[in-house]
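In case you want the letters, here they are:
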Amino acid sequence: MDPVEVAAVADAGPGPAWQSKCPWGAPNTTAISCSLADVMSEQLAKELQLEEENAAFPEVAAVAEGPFITGENTDTSSDLMLAQMLQMEFDREYDAQLRREEKKINGDSKVSISFENYRKVHPYDSDSSEDEVDWQDTRHDPYRADKPTTTPRKGFIGKGKDITTKHDEVVCGRKNTARMENFAPEFQVGDGIGMDLKLSNQVFNALKQHAYSEERRSARLHEKKEHSTAEKAVDPKTRLLLYKMVNGGMLETITGCISTGKESVVFHAYGGRSTAEDKVIPAECAIKVFKTTLNEFKNRDKYIKDDYRFKDRFSKLNPRKIIRMWAEKEMHNLTRMQNAGIPCPQVVILKKHILVMSFIGQDQVPAPKLKDVTLSSDDMKKAYYQILHMMQQLYKECNLVHADLSEYNMLWHDGKVWLIDVSQSVEPTHPHGLEFLFRDCKNVSQFFQKAGVAEALNERELFNAVSGLHITADNEVDFQAEIEALEKMNEDHVQNHGKKLSMFSSDGDPPIYDE
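It should be emphasised that the depicted structure is a prediction, and the values quoted were computed from it without experimental measurement. Numbering of residues starts from 1 in every chain and runs along the sequence as written. Restriction of local features to residues with pLDDT of at least 70 applies here, the model being predicted, together with a cutoff of 80 or more for giving and counting side-chain atom pairs; totals for whole chains, interfaces and linings are based on all residues. Hydrogens and water molecules were not included; the side-chain quantities draw on all heavy atoms of the structure.

A.B. asks: Outline the packing of helix α12 (residues 377-396) against helix α13 (residues 433-450), listing residues and values.
C.D. replies: Axis lines are fitted through C-alpha atoms, for helices just across the contact stretch, and the angle between N-to-C directions can take any value from 0 to 180 degrees. Only DSSP runs of H or I covering at least 4 residues are called helices, and only runs of E covering at least 2 are called strands; the numbering of each starts at the N terminus. Interaxial distance between α12 and α13 falls to 11 Å at its minimum, and their mutual angle equals 175°. One finds that α12 runs roughly antiparallel with respect to α13. Counted together, M380, A383, Y384, I387, M391 and Y395 of α12 and L434, L437, D440, C441, V444, F447 and F448 of α13 form the full contact between these two elements. Note on angle classes: values under 35 degrees are labelled roughly parallel, values over 145 roughly antiparallel, values of 65 to 115 roughly perpendicular, and the remainder oblique. In this analysis, two residues are considered to be in contact whenever any of their non-hydrogen atoms come within 4.5 Å of each other.

Okay, here's the thing in structure tokens:
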């Protein structure tokens, strides 16, 4: 070994040589001696405090040591510095755009949305101001006390003149204003932020009752829209029935609405193939959809509740099923008229409240009503005698009274008159059957007399000619009195002796009474 190396090993001390080079060895700490003046120095104390802070908060220290980006201290020669400045400017513009979107969407709404999670928060971005904090962030309700106050069991607070009970006008007014939040969302109560509103009990109860009424009315309108037919429209259930008719091949296509009324809507359709009963379907059909609303039928029960065919079923059905019975009644009346040879639509099929009939017209154009058509004197005279004959057939052969006969329910097609709309037709034995017949005679007589038909009888003569009765009253009042007397006599006879209806198969046969 070289003498120099031996001397180095000897200077290293008694320990092994590898210990001084081992990275896991204990470091050699040498105590730094300092004077008393250095210990008492304030500069040394600040340096030691900075070292402790840097050791405890390294991220803050790194930021503090970095370059402060301002307009005065900017080094544009560094690409990194330019990129940071551009990114900062982009973040500011992006946050400003988010704030504008928030303000645009929220507006004056009480419920607001926030894009706080999408903002690019920059450590040097100090553009936020107090204007960004709105009343929604303060969580402050002007109608609610900052600290909840409870009313003691004795029912009042304070002493002497400063006593305040739970019935205090101011306290009740503020409570009523706060309780308006429990109204339905559809009821607009307004925005009273910044105003100390006080509603009296009378005003609050009126608003509460109005809110409940509006809520119920909205529910009724929704139900009416979903479960009833409207003008020139059908509800979903009716639409499904029409789709089944088309898909089943009974109808080729439904072209559109041709007529609307208080009780029904009539559509035009092209007929398809024959039904399962081998019933021939006309080339053009009329679909009569009875409205399922009850507004127009609530005053029409007098036409059906006393009809012997439906009297027993009327009291057992709910109001909506009565409307189906109304369609069934028109089908039976049309069948009787068709068997008697009276010109009327031919019944094809009945599905609940939908009645499919033959179309009176051609090429989707319905036949005109008698009030809209212009006829010559000969045709008008011909139409009068035809109607007179049909009224006699309807009364004697079909045992029916139209009960709504006028120029609005008579069509002119192929040189003759056709009768339609017989859903309200009743039998002469109905408690008001003769009254309905006299009203029909009055409408027909007045129309043809105005049309210039000299042979037209007056309403009393026409009533006797149709009914076969011989009522000899000089004026209309006495005439109607005798008609009411006959109806009363018939009603008393039925109540005293009773009547038993025989079961007949065909609709064309009149009822047979066994007293």
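From this point, the narrative continues.
A.B. asks: Tell me about the pattern of salt bridges, and name the residues and values.
C.D. replies: For this document, the term salt bridge refers to a Lys or Arg side-chain nitrogen within 4 Å of an Asp or Glu carboxyl oxygen. For the coordinates displayed, the defined rule picks out seven salt bridges. Here R92 makes a salt bridge to E89, at a shortest N to O gap of 3.4 Å. One end of the pair, R92, and the other, E89, are both in helix α5 (residues 79-106), three residues apart, so they sit about a helical turn from each other. A relative accessible area of 37% means that E89 is categorised as partly exposed. The shortest N-O distance in the salt bridge between D421 and K288 comes to 3.5 Å. Of the two residues, D421 is situated in the loop between β11 (416-419) and α13 and K288 in strand β5 (residues 284-290); the sequence distance between them amounts to 133 residues. Only protein chains enter the accessibility calculation, which uses a 1.4 Å probe; a residue is then buried when its area is under 20% of its type maximum, exposed when over 50%, and partly exposed in between. By relative accessible area, D421 is classed as buried at 18%. Each of the salt bridges in this network shares a partner with another, and the network as a whole consists of K288, E330 and D421.

A.B. asks: I'd love a proper account of a negative patch on the surface, names of residues and values included.
C.D. replies: Patch membership requires over 30% relative accessible area and the absence of a salt bridge. Like charges are linked within 9 Å, and nonpolar side chains (Val, Leu, Ile, Met, Phe, Trp, Tyr) within 5 Å. Reported accessibility uses the Shrake-Rupley method at a 1.4 Å probe radius. Residues are deemed covered only where the shown protein chains occlude them. In this count, Lys and Arg are taken as positive residues and Asp and Glu as negative ones, while His and the chain termini are left out. The atom standing in for a charge is NZ when the residue is Lys, CZ when it is Arg, CG when it is Asp and CD when it is Glu. On the surface, E47, E51, E52 and E53 cluster together to form a negatively charged patch. Looking at the secondary structure, you find E47 in helix α3 (residues 42-56). A residue is classified by how much of its surface remains accessible, and E47, at 40% relative accessible area, is partly exposed.

A.B. asks: Got a sec to walk through the environment of Q346? Specific residues and values, please.
C.D. replies: Here Q346 is to be found in the loop between α11 (319-339) and β6 (347-351). Assessed through its relative accessible area of 31%, Q346 is described here as partly exposed. Along the primary structure Q346 and T335 are separated by 11 residues, whereas in three dimensions their C-alpha atoms are 7.7 Å apart. Aside from chain neighbours lying at most four places away, what touches Q346 is Q338, V356, M357 and S358.

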